[in-house]
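# What the coordinates show
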Amino acid sequence: MALDHLNITIAGAGIGGLTAALILRRMGAEVTVLEQAEAISEVGAGLQISPNGMAVLRKLGLQDDLIWRSPRARAVVLRSHRQGQEVLRLDLEQYASDLNFYFVHRADLIQILADAAREEGVQIRLLQKVLRVEHNPKPVLQLANGAQCGGDLIIGADGLHSKARKALNEAGQPRFTGQVAWRAIVPNTSELPNEAQVFMGPGRHLVAYPLRDGSKVNLVAVQERKAWADEGWHIQDAPENVKTAFASFGGVAGQLMNQIDEVMLWGLFRHPVATNWHRGALVLLGDAAHPTLPFMAQGANLALEDAWVLGQCIKASPSDIPAALACYQACRKDRAEKVVDAATSNAWKYHLRPPLNWPAHQILRTAGRLAPARMVQQFDWIYRHNVTEQGASGKATEKAKETEQA
Ligand SMILES: Cc1cc2nc3c(=O)[nH]c(=O)nc-3n(C[C@H](O)[C@H](O)[C@H](O)COP(=O)(O)OP(=O)(O)OC[C@H]3O[C@@H](n4cnc5c(N)ncnc54)[C@H](O)[C@@H]3O)c2cc1C
């Protein structure tokens, strides 16, 4: 059954909101996306899109457009920070050759999604900041410009500081995790291959990978820090600050750092995964429901998965939206929690200090020598999870019934 009787409003034109808009529009719904920004442009830079996220883009027919602009990742290489000696190579080309990992420019992905959504007839309205969501008893978005916006379904895809999340869950501010991340793009004068390099130092690490035609390198430099005083959650920072923080990083890492002439700084904040993802005709998606630290590179991939499953659940029961939303939460929450936990526990592994770092790196080196395939395949549960192939709607409906009965 087509969804042409449904009017859907989505708060947030990020990766999750735009993907959901495209999927639901293609099913026939009238879809409007409200975005607070004045343009669909992206701060930030690189994103690692893994096979589980790629599966959704492939199903939407957007994969080819993305991959001709994006290098395919051949390996993830963990290195020590001083001279960049190799500690562990996760050789994707050899041990996961059937899987597609790509280094994507965020602006490219957003543009591809926004263009596809507009072509299908999605209305994307800019400068529409949601102030709060009320239930009267149907959900209504109160906008900063004084307007109100309703719909048969409202999707809160408004990121970490989600107003929709607040309407569904107990009040609580996102918590500073004690880590900050600088992000910059520099020229690839070190001729880095199509691999993600992770340089691990005490209390900090640097991730570097090429973007687009390989002439640029995306840098994410994470440092532990006691406090985050700034009002916003990302700011422009002076390049000297990141260079000083990473002064002990030598070899290629040091060369890359020296090239930074413009950098943004993020405070890394987290909420727990939301308890309630939906009520009536209001539902959360992406970071609004389950913000994650970037240490498994899964936030955007989870948002893509969410959008697909939400679409399937609505397609399965288009005339009973609350049931569709219960089915969506039942399908997604356990997975989101598991991935978020994996990302949280990855942070300390990269940041070990002496005397622990040396033996830990030796263990990794030995494991990489003895069981290189297993080191890659330990993450199969993340990367081989294909929401487009699991009959998500069928399984989801069963799961929703079980949840109701329990
Ligand atoms: C340093 C760093 C590196 C990362 N690297 C990766 C990676 O390699 N791979 C990966 O998968 N993920 C990565 N992530 C995570 C990823 O960026 C997010 O998980 C992903 O962008 C979430 O998408 P979303 O659509 O849910 O939210 P967002 O991308 O946050 O989009 C939310 C949208 O809603 C809009 N909005 C917010 N509030 C309002 C409002 N009140 N009214 C109207 N509009 C509003 C925002 O302007 C924005 O456009 C990284 C994150 C960080 C910080």
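The structure this text deals with has already been given above.
These figures come from a predicted structure and were not determined experimentally. (Residues numbered from 1 in each chain as written. Predicted model: local features only at pLDDT ≥ 70, side-chain atom pairs only at ≥ 80, totals over all residues. Heavy atoms only, no water.)

### Quick notes on the sheet that holds strand 9 (residues 139–143)
Across a sheet, paired strands are connected by hydrogen bonds in the backbone, their directions being either parallel or antiparallel. Formally: Two strands pair if DSSP finds at least two bridges between them. Going along the chain from the N terminus, every DSSP run of H or I of four or more residues is numbered as a helix, and every run of E of two or more is numbered as a strand.
The strand order 8-9-10 describes an open sheet built from three strands, whose pairing is antiparallel. Taken across any chain shown, the strands that pair with only one partner, and hence form the sheet edges, are strand 8 (130–135) and strand 10 (148–149). Two strands pair when backbone bridges link them, and strand 8 and strand 9 are joined in this way by five bridges, in the antiparallel orientation. Within the sheet, the bridge partner assigned to valine 130 lies in strand 9 and is leucine 143.

### Quick word on the sheet that holds strand 19 (residues 282–284)
Formally: Any two residues whose heavy atoms approach within 4.5 Å at even a single point are treated as in contact. The axes are straight lines fitted to the C-alpha atoms, using for helices just the contacting stretch, and the angles between their N-to-C directions are given from 0 to 180°.
Here six strands make up an open sheet; going across it, the order is 7-2-1-11-19-18 and the pairing mixed. Only two strands of the sheet have a single neighbouring strand rather than two, namely strand 7 (123–125) and strand 18 (278–279). Two elements, strand 2 (residues 30–34) and strand 7, share three bridges in a ladder whose sense is parallel. Bridge pairing links valine 33 to isoleucine 124 in strand 7. Running over the sheet, helix 1 (residues 15–26) touches strand 1 (7–11), strand 2, strand 7 and strand 11 (153–156) and is turned about 170° from strand 2.

### So, the site of the ligand
Rules: Any residue with a heavy atom lying within 4 Å of a molecule or strand is counted as near it. In the analysis that follows, any N or O atom pair within 3.5 Å is treated as a polar contact, provided that within protein one partner can donate a hydrogen and the other can accept it, and provided that, for residues neighboring in sequence, both atoms belong to side chains. Each accessible area value is a Shrake-Rupley result obtained with a 1.4 Å probe; residue values ignore everything except the protein chains displayed when judging cover. Residues are grouped as follows: Ala, Val, Leu, Ile, Met, Phe, Trp, Tyr, Cys and Pro are nonpolar; Asp, Glu, Lys and Arg are charged; every other residue, Gly included, is polar.
Around the ligand there are 29 residues in total, and Glu35, Gln48, Arg106, Asp287 and Ala300 lie nearest to it. Backbone polar atom of alanine 297 to a nitrogen atom of the ligand: 3.2 Å apart, as the coordinates give it. With respect to the ligand, the side chain of asparagine 301 contributes an N or O atom lying 3.1 Å from an oxygen atom. Protein contact buries 90% of the 1000 Å² of open area that the ligand shows by itself. For the shell around the ligand, the elements supplying multiple residues, two or more each, are helix 1, strand 3 (46–49), strand 12 (175–187) and helix 9 (299–316). In terms of residues, the shell around the ligand owes the most to one element, helix 9, which gives three residues. Residues belonging to the shell around the ligand are distributed by class as follows: 11 nonpolar, 11 polar and seven charged.

### Side note on the nonpolar core
Test applied: For our purposes a nonpolar core is just a set of buried Ala, Val, Leu, Ile, Met, Phe, Trp, Tyr and Cys residues, chained together by side-chain atoms within 4.5 Å. Throughout this description, buried means an accessible area under 20% of the type-specific maximum (1.4 Å probe, protein chains only), exposed means over 50%, and partly exposed covers the range between.
By size, the foremost hydrophobic cluster in this structure holds 74 residues, and its most contacted members are Ile8, Ile10, Ile49, Leu57, Leu109, Ile155 and Ile314. Here this core gets eight residues from one element, more than from any other, and that element is helix 9. When near neighbours in sequence (up to four residues on either side) are disregarded, isoleucine 10 contacts Gly17, Ala20, Ala21, Val31, Thr32, Val33, Leu34, Ile155 and Ala157. Counting residues in hydrophobic clusters, the runner-up holds 34 residues, among them Ala73, Val76, Tyr209 and Phe295.

### Some points on the environment of arginine 26
Summarising the element assignment, arginine 26 is placed in helix 1. Each C-alpha atom, one on arginine 26 and one on leucine 60, is 9.7 Å from the other, the two residues being 34 residues apart in sequence.

### Focus on the side chain of glutamine 223
For glutamine 223, the position within the fold is in strand 15 (residues 216–224). Owing to a relative accessible area of 13%, glutamine 223 belongs among the buried residues under this scheme. If near-sequence neighbours (up to four positions away) are discounted, glutamine 223 is found in contact with Gly178, Gln179, Val180, Trp182, Gly203, Arg204 and Ala245.

### Observations regarding the packing of helix 1 against helix 9
Where we set the bar: Should an angle fall under 35 degrees it is taken as roughly parallel, and over 145 as roughly antiparallel, whereas 65 to 115 is taken as roughly perpendicular and any remaining angle as oblique. Should the near helix be turned anticlockwise from the far one by less than a right angle, the crossing is termed left-handed; should it be turned clockwise, right-handed.
Axis separation between helix 1 and helix 9 bottoms out at 8 Å; the angle between their running directions is 25°. Between helix 1 and helix 9, the angle falls in the class roughly parallel. For the element pair helix 1 and helix 9, the recorded crossing hand is right-handed. Two secondary-structure elements touch here, helix 1 through Ile15, Gly16, Thr19, Ala20, Ile23 and Leu24 and helix 9 through Ala300, Ala303, Leu304, Ala307, Trp308, Gly311 and Ile314. Within the contact of helix 1 with helix 9, the residues separate by chemical class into 10 nonpolar, three polar and no charged.

### A short note on helix 2 (residues 51–59)
Counting buried positions over the nine residues of helix 2 gives seven, a clear majority of the element. Those residues of helix 2 that fall on the buried side of the exposure criterion are Pro51, Asn52, Gly53, Met54, Ala55, Val56 and Leu57. The first or second residue beyond helix 2 is glycine 61, which carries a positive phi of 75°.

### Here's the deal with the packing of aromatic side chains
Basically, it comes down to this: Side-chain rings of Phe, Tyr and Trp (the six-membered ring for Trp) are treated as a pair once their centres are within 6.5 Å; stacked means planes under 30 degrees apart, edge-to-face means over 60, and tilted covers the remaining angles. Definition used: whenever NZ (Lys) or CZ (Arg) falls within 6 Å of the ring centre and also within 35 degrees of the ring normal, the charge is taken to sit over that ring.
For the coordinates displayed, the defined rule picks out eight aromatic pairs. Seen in terms of ring centroids, tryptophan 182 and phenylalanine 246 are 6.2 Å apart; in terms of plane orientation they differ by 85°. Their pairing is edge-to-face. Highlighted residues: tryptophan 182 in strand 12 and phenylalanine 246 in the loop between helix 7 (239–245) and helix 8 (251–258), separated in sequence by 64 residues. Lying over the aromatic face of tryptophan 266, arginine 183 brings its terminal NZ or CZ to 4.8 Å of the ring centre. One Lys or Arg, lysine 338, reaches over the ring of tryptophan 381 and ends 4.3 Å from the middle of that ring.

### Thoughts on the state of the cysteines
Which entries qualify depends on this criterion: When the sulfur atoms of two cysteines come within 2.5 Å, that pair is taken as a disulfide.
All told, the structure shown has one disulfide when counted by the stated rule. Lacking any disulfide linkage, cysteine 331 is separated from the closest cysteine sulfur, that of cysteine 313, by 4.7 Å. Residue cysteine 331 is classed as partly exposed on the basis of its relative accessible area of 22%.

### Digging into helix 8
Defined as follows: Directions drawn from the helix axis to the C-beta atoms are what define this arc.
When we look at burial in helix 8, the residues that qualify are Ala253, Gly254, Leu256 and Met257. Along the axis of helix 8, the buried positions cluster into a sector of 160°, meaning they face one direction only.

### Considering the pattern of salt bridges
Put simply, the test is: Think of a salt bridge as a Lys or Arg side-chain nitrogen and an Asp or Glu carboxyl oxygen that are within 4 Å of each other.
The tally for this structure, following the rule as stated, stands at 16 salt bridges. The salt bridge partner of glutamate 86 is arginine 89, with a shortest N-O separation of 3.5 Å. Arginine 89 gets classed as partly exposed once you look at its relative accessible area, which sits at 29%. Each member of the salt-bridge network shares a partner with another, and the members are Asp65, Arg69, Asp108 and Arg212.

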